Amino acid sequence: MNNFWLHPALILIIGGLILPFMKGPIRKPFLLMVPVLTFVTVLSMSKGVHGVVQFIDWQLIFGRVDNLSQIFAYIMSLMCIIGTLFAMNVEEDAQHIAAWYYVAGSLGVILCGDYVVLFLFWELMAFASVFLVWFRRGPQSLATGYRYLLIHTIGGLFLLAGFVLRYYNTGGDLSFVPVGVDTPNLATYLILIGFIVNAAVPPFHSWLPDAYAEASVAGAVFMCAFTTKTAIYVLARGFAGMEILIPLGAIMALYGVVYGVIENDGRRIFAWDTVSQVGYMVVGVGIGTNLAINGSCAHAFAHILYNGLLFMGTGSVLYMTGTCKLNELGGLYKKMPRTFLLTLIGGLSIAGFPLFSGFVSKSMIISAGLAEHHYWAGFALLLASGGTFLLAGLKVPYYIWFGKNNCSSERWEKAADPPWNMQAAMGIAAVMCAFIGCYTPYLYNMLPFPVEYHPYTAYHLSETLQIIGGTGIMFFVLKRFMEPTPTISLDLDWFYRMAGRGFFWVDSRIFQFIDTCVGEIYRYVGLYSLMTISRFWSWFDWHAIDGVVDGTARSVRSLGGVVRRAQAANIQYSIFIAASVAAAGVLIFVFV
Amino acid sequence: MISLIEFFRERPKFTAMACLTLIGLIALWGSFMIDLSHAHLKMEKIPLFWTFFGLIGGALLILVSRFLGRLGIMTREDYYDE
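Figured I'd write up the structure that's included with this text. Keep in mind that what you see is a predicted model, and the values were worked out from it rather than measured.

1. Overview of the interface of chain B and chain A
Then, in step 1: Residue-level contacts link 48 residues of chain B with 53 residues of chain A.
Then, in step 2: Carbon and sulfur atoms supply 73% of the area buried between chain B and chain A, which totals about 4700 Å² over both sides.
Then, in step 3: Summed over the three residues of chain B that lose the most area to chain A, namely Trp50(B), Ile62(B) and Tyr80(B), the buried surface amounts to 17% of that side.
Then, in step 4: Linking chain B with chain A are one salt bridge, by the criterion used here.
Then, in step 5: Across the pair Glu77(B) and Lys325(A) runs a salt bridge, and its minimum N-O distance is 3.3 Å.
Then, in step 6: Only helix H1 (2–10), helix H2 (12–32), helix H3 (49–73) and strand S1 (74–76) of chain B provide two or more residues apiece to the side of chain B that touches chain A.
Then, in step 7: At 18 residues, the largest contribution of residues to the side of chain B that touches chain A is made by H3(B).
Then, in step 8: For the side of chain B that touches chain A, a count of residues per class yields 27 nonpolar, twelve polar and nine charged.

2. Quick notes on the layout of surface pockets
Taking a probe equal in size to a water molecule and rolling it over the atoms shows the remaining empty space.
Then, in step 1: Estimates place the volume of the largest pocket at around 1500 Å³.
Then, in step 2: Lining the largest pocket are 34 residues; nearest its centre among them are Leu394(A), Phe402(A), Phe476(A), Thr15(B) and Cys19(B).
Then, in step 3: When contributions to the lining of the largest pocket are tallied by element, the ones reaching two or more residues are helix H13 (337–350), helix H15 (375–401) and helix H19 (458–477) of chain A together with H1 and H2 of chain B.
Then, in step 4: At nine residues, H2(B) tops the list of elements feeding residues into the lining of the largest pocket.
Then, in step 5: Here the lining of the largest pocket is built from residues that sort into 27 nonpolar, five polar and two charged.
Then, in step 6: Here the second largest pocket is characterised by a volume of approximately 750 Å³.
Then, in step 7: Taken together, 33 residues form the lining of the second largest pocket, with Gln140(A), Glu214(A), Arg268(A), Lys325(A) and Ile488(A) sitting closest to its centre.
Then, in step 8: Counted by class, the lining of the second largest pocket contains eight nonpolar, nine polar and 16 charged residues.
Then, in step 9: Built from parts of two domains, the lining of the second largest pocket gets at least three residues from each of domain 1 (1–199) and domain 2 (240–484) of chain A.

What counts and what doesn't
Residues numbered from 1 in each chain as written. Chains lettered and ligands numbered in written order. Predicted model: local features only at pLDDT ≥ 70, side-chain atom pairs only at ≥ 80, totals over all residues. Heavy atoms only, no water. Contact = heavy atoms within 4.5 Å. Buried area = accessible area lost by both parts, 1.4 Å probe. Salt bridge = Lys/Arg side-chain N within 4 Å of Asp/Glu carboxyl O. Helix = DSSP H or I, 4+ residues; strand = E, 2+ residues; numbered from the N terminus. Nonpolar A, V, L, I, M, F, W, Y, C, P; charged D, E, K, R; others polar. 1 Å grid on protein atoms, 1.4 Å probe; cavity = no way out; pocket = protein on both sides within 12 Å on 5 of 7 lines; lining within 4 Å. Points joined across faces, edges and corners; volume = space filled by probe spheres on them. Domains from an automatic or database assignment.

Quick look at the structure:
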């Protein structure tokens, strides 16, 4: 380093190393102190390029601080505080360490200036976050974790191949800058695939609901914030204006809603909602105008908070009652009133209800799309926002908090508001959601481009409220089609799950069969002929060679017979014979 | 807050009517009383356009999702278990 610059990720990494030594009353303050310090460090970063390291021929840049990286680093480190507060009653140090390393990976990617550092932190994110799945310790966790890791490793390999190819094409350029979306080549597409795997863009999205619904209660709160939004950051940095992202994002926004409607698990519904919401940001990056990129950043910022809030709320339900399945819950507003209220704020925010954060961020992307005449994409996003209200504003609240009480009596007894730290974390996130929605300059002044945008126009208000009203009526009219059922939904992960199973089947059945066949054939054909041949040679040796030459073998055999008979005697005779022979030997040696 | 919820739950008809009236008023306000010059397309100037967009969109999403689910996407919970 040319001058001292403290990387915020370093605080989390060192904090994680020290944490196991923190016992007793200092542990909880320490747990909070580390992310707070990280946040303060992020706030104090000055714009410019820091942390430049010369490594062999490459100049590695660890700290590129500009408008775009600042807003993302800000919200990531803020979310780390909220997440750690929520997770404070988790006793396992390893879970906190995994979460912190995961955030460190995300901050490293956001602040890096070249592909080598990016790749390093990119992989740190994947390998740290998989532990958040494994720490659930459920029956599915191990397999889900391995699937998650597999997909992210494949995505990472695409990224690696892409930037190595780019390195050769450009004659040694590793810098992470806009890739030139007007003249895309193979390297561009490889890097793009690497990025959109993490952004959960179809057809690479199945890992997200799979992993988030299986992660530990606190783990899911971290996971829902960092991987996809870091991917949005790198897309906004490298691929702003890449047109193919517009249809992909629009499909993604609707795809998530469709799966959310038929899903039964509360956390999985919000995982599908995450896919849908990240779709908005992907569209924004694809449009690529200043307003659209601002919209993507603002929506990522707002999304991290309300999505964290929703996962904290449903996580609290899971933590307190032991399930998150809608068909086993209902009527919980009486038992968990605070959790209900706070989660409702998250639901209204994600649905883009006026005065909440989604309203002021989501609409920027839609406005940018319509202003650039991407009408069908704009309308797809408006439809998806109606669908989001259907899910997060109506379906989940209705079937968890109101609706028919399907709780078992034991579950009903257990249900209560969660410990204070979980409520406090939800409270902070909820206040932030409302604050962003009410006081727009707070968020808008952080955005990377200076753009005038006013969300609270009469037209926008009426449009949003009418869509929400219309979908609301439809929910109650068609409620019987929304009734949660104890089912899971097949998705594109079917292919690789079944491919894995198919491989196992081919391996265990076909290869095993071939192996058995070869073994049997060998036994009957190979071994039999070998035995026959060796029997022949044994006979030949015995009768032909020995008989013809000198009869040594016969003599040895008859001697062996004598010795055998001698050995069969009692041990004192053996010792006597051995001693006699030895004595005779000595006498012969001495006197002859 | 719980008592407020119970108040509405005990009067489902009243609650439903109140919500419908509110939605209707918003739709009327949004169609006739505000400046529609921000609209991007001509069809947005049709009265109650966004309410119908919400109604039809919501119905489409619910029914299409359910239809796809019934085609075989929704399956038993132990589907992946060996």
